[in-house]
Amino acid sequence: MEKEQLKHEIRSMRQEKNAVILAHYYTEPDLQDIADFVGDSLALAQSAAKTEADIIVMCGVHFMGETCKILCPDKKVIVPDLAAGCSLADSCRADDLKAFIDEHPGYKVVSYVNTTAEVKALSDVVVTSSNARRVVDSYPKDAKLIFGPDKNLGAYINSITGRNMLLWNGGCHVHGRFSLQAILRLKAEHPEAKVLVHPECPAAIQAVADEIGSTAGLLKYSTESDAREFIVATESGILHKMQLASPDKTFYPAPPEVTEGIGCSCNECSYMRLNTLEKLHHALLTESPEIVVDPAIAEKAVRPINKMLELSK
Ligand code: 13P
Ligand code: SF4
């Protein structure tokens, strides 16, 4: 089917079925353009929590669909492709975390939103990269905290809050792969460019940043800054909204390390890019695939998510 016809039918089905389409900044431009709401992980959860739609279509990755379902158990939550996972969420299995918690009695567990429902169910509070500092700061300075699974975000929050949280050794395959040398080369070519870095990147990349923040934070910075050029070290999908918000500015996606022979070396998240217009159309048509969360897990996982939403008001 032609792209325009697909878009037309998606819009009609959305209206007929009282569905809302949510999309993360890392999805392809066509999806961002047709979505009712595009946001970072926090904004997507907030948007799901208050929607009056009967069906939530989450164009993002699996844990984002789970978060919607946990917050809205009575609604149908569908995703364009159930295989859209997350290497970071995969780096923390619930049974491994449970064993770690048992080895550290008296510790509270702060979990990044990029986790499975089972991991959230073991957590005291959830954070996103937008609110991690604020949520961690809600605990006394001497609180014993475990932070996972992203070790780079955890180390960053430790450094800016002067804490010593125990860090889970997890990471994202996209943010862990940016090349410092290539960023420095770009910076030498464009000395006036500001370097924007997501906190899932390693400390060496964070060290050359003019701004460290969530996708929404980096977008805001690029929109409000007087600078004309930006080097962007996060998934390149965010450049779409950056360029739309600032058509006269120039954005350079930070290049990744080129790894011979093993998988993709691009700065796109292969999971996010499983979402396509065709699959969104099919998902609305068939109202599937649906996200299912065990109600007993959801009952436990909703508490740390709600605590985060409370602390983010
Ligand atoms: P934010 O949108 O919260 O910055 O998260 C980035 C990310 O990796 C989502 O998977
Ligand atoms: Fe997960 Fe990384 Fe993809 Fe975000 S960019 S969804 S953290 S794999």
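Residues numbered from 1 in each chain as written. Chains lettered and ligands numbered in written order. Predicted model: local features only at pLDDT ≥ 70, side-chain atom pairs only at ≥ 80, totals over all residues. Heavy atoms only, no water.

Chemist: Help me understand the overall build of the chain in this model?
Modeler: Across its full length, the chain holds 15 helices and 12 strands. The globule rule puts the C-alpha radius of gyration for 313 residues at 20 Å, and the 19 Å found for the chain is close to it. Principal-axis analysis of the C-alpha atoms places the extent of the chain at approximately 50 × 50 × 40 Å. Evaluated residue by residue, the chain yields a buried proportion of 55% over its 313 residues. The contacts in the chain between residues at least 6 apart in sequence include a share of 63% that link residues at least 24 apart. A total of about 13,700 Å² of accessible surface is found on the chain, and carbon and sulfur atoms cover 51% of it. Of the charged side chains in the chain, 33 are positive and 43 negative, and the gap between their average positions amounts to 5 Å. (Helix = DSSP H or I, 4+ residues; strand = E, 2+ residues; numbered from the N terminus. Rg over C-alpha atoms; globule rule 2.2 N^0.38 Å. Buried < 20%, exposed > 50% of the residue type's maximum accessible area, 1.4 Å probe, protein only. Contact = heavy atoms within 4.5 Å. Areas by Shrake-Rupley, 256 points an atom, 1.4 Å probe, with all protein chains shown as cover. Lys, Arg positive; Asp, Glu negative; His and termini not counted. Charge placed at Lys NZ, Arg CZ, Asp CG, Glu CD.)

Chemist: Please explain the side chain of S111 as it appears in this structure.
Modeler: Along the chain, S111 turns up in strand β5 (residues 108-112). For S111, a relative accessible area of 3% gives the class buried. A distance of 2.7 Å separates a polar atom in the side chain of S111 from a polar atom in the side chain of S123. Apart from residues lying up to four places away in sequence, S111 is in contact with V119, S123, V125, V126, V127 and G148. (Polar contact = N/O pair within 3.5 Å; in protein donor to acceptor, adjacent residues only side chain to side chain.)

Chemist: What's the story with the site of ligand 2 in this structure? I'm lost.
Modeler: Inspection of the region around ligand 2 gives Y26, V61, C86, S87, L88, N114, C172, H173, E200, C269 and M272 as its neighbouring residues. Cavity membership is defined here by more than half of the atoms lying within 2 Å of grid points; on that basis ligand 2 lies in the largest cavity. Of the residues assigned to the shell around ligand 2, the class counts are seven nonpolar, three polar and one charged. (Near = heavy atom within 4 Å. 1 Å grid on protein atoms, 1.4 Å probe; cavity = no way out; pocket = protein on both sides within 12 Å on 5 of 7 lines; lining within 4 Å. Sits in = over half its atoms within 2 Å of the grid points. Nonpolar A, V, L, I, M, F, W, Y, C, P; charged D, E, K, R; others polar.)

Chemist: Got a minute to help me understand the site of ligand 1 in this structure?
Modeler: Surveying the vicinity of ligand 1 reveals 13 residues, the closest of which are H24, S41, S129, H198 and T215. A distance of 3.1 Å separates an oxygen atom of ligand 1 from a polar side-chain atom of S129. E200 is positioned with one of its side-chain polar atoms (N or O) 3.1 Å from an oxygen atom of ligand 1. Protein contacts shield 97% of the accessible area of ligand 1, which totals 300 Å² for the unbound molecule. For ligand 1, the cavity whose grid points lie within 2 Å of the majority of its atoms is the largest cavity. Tallied by class, the residues present in the shell around ligand 1 amount to four nonpolar, seven polar and two charged.

Chemist: Would you take a moment to explain the packing of aromatic side chains for this structure?
Modeler: When we look at a pair of aromatic rings, we describe it by the centre distance and by the angle of the planes. Applying the stated rule across the entire model yields two aromatic pairs. For the ring pair F100 and W168, a centre distance of 5.5 Å and an interplane angle of 90 degrees mean the geometry is edge-to-face. Note that F100 is positioned in helix α6 (residues 94-103) and W168 in the loop between β8 (166-167) and α10 (180-189), a separation of 68 residues in sequence. Here F100 falls in the buried class, since its relative accessible area comes to 19%. Look at F230 and F251: their rings are 5.2 Å apart centre to centre, the planes differ by 15 degrees, and that puts the pair in the stacked class. (Phe/Tyr/Trp six-rings, centres within 6.5 Å; stacked < 30°, edge-to-face > 60°.)

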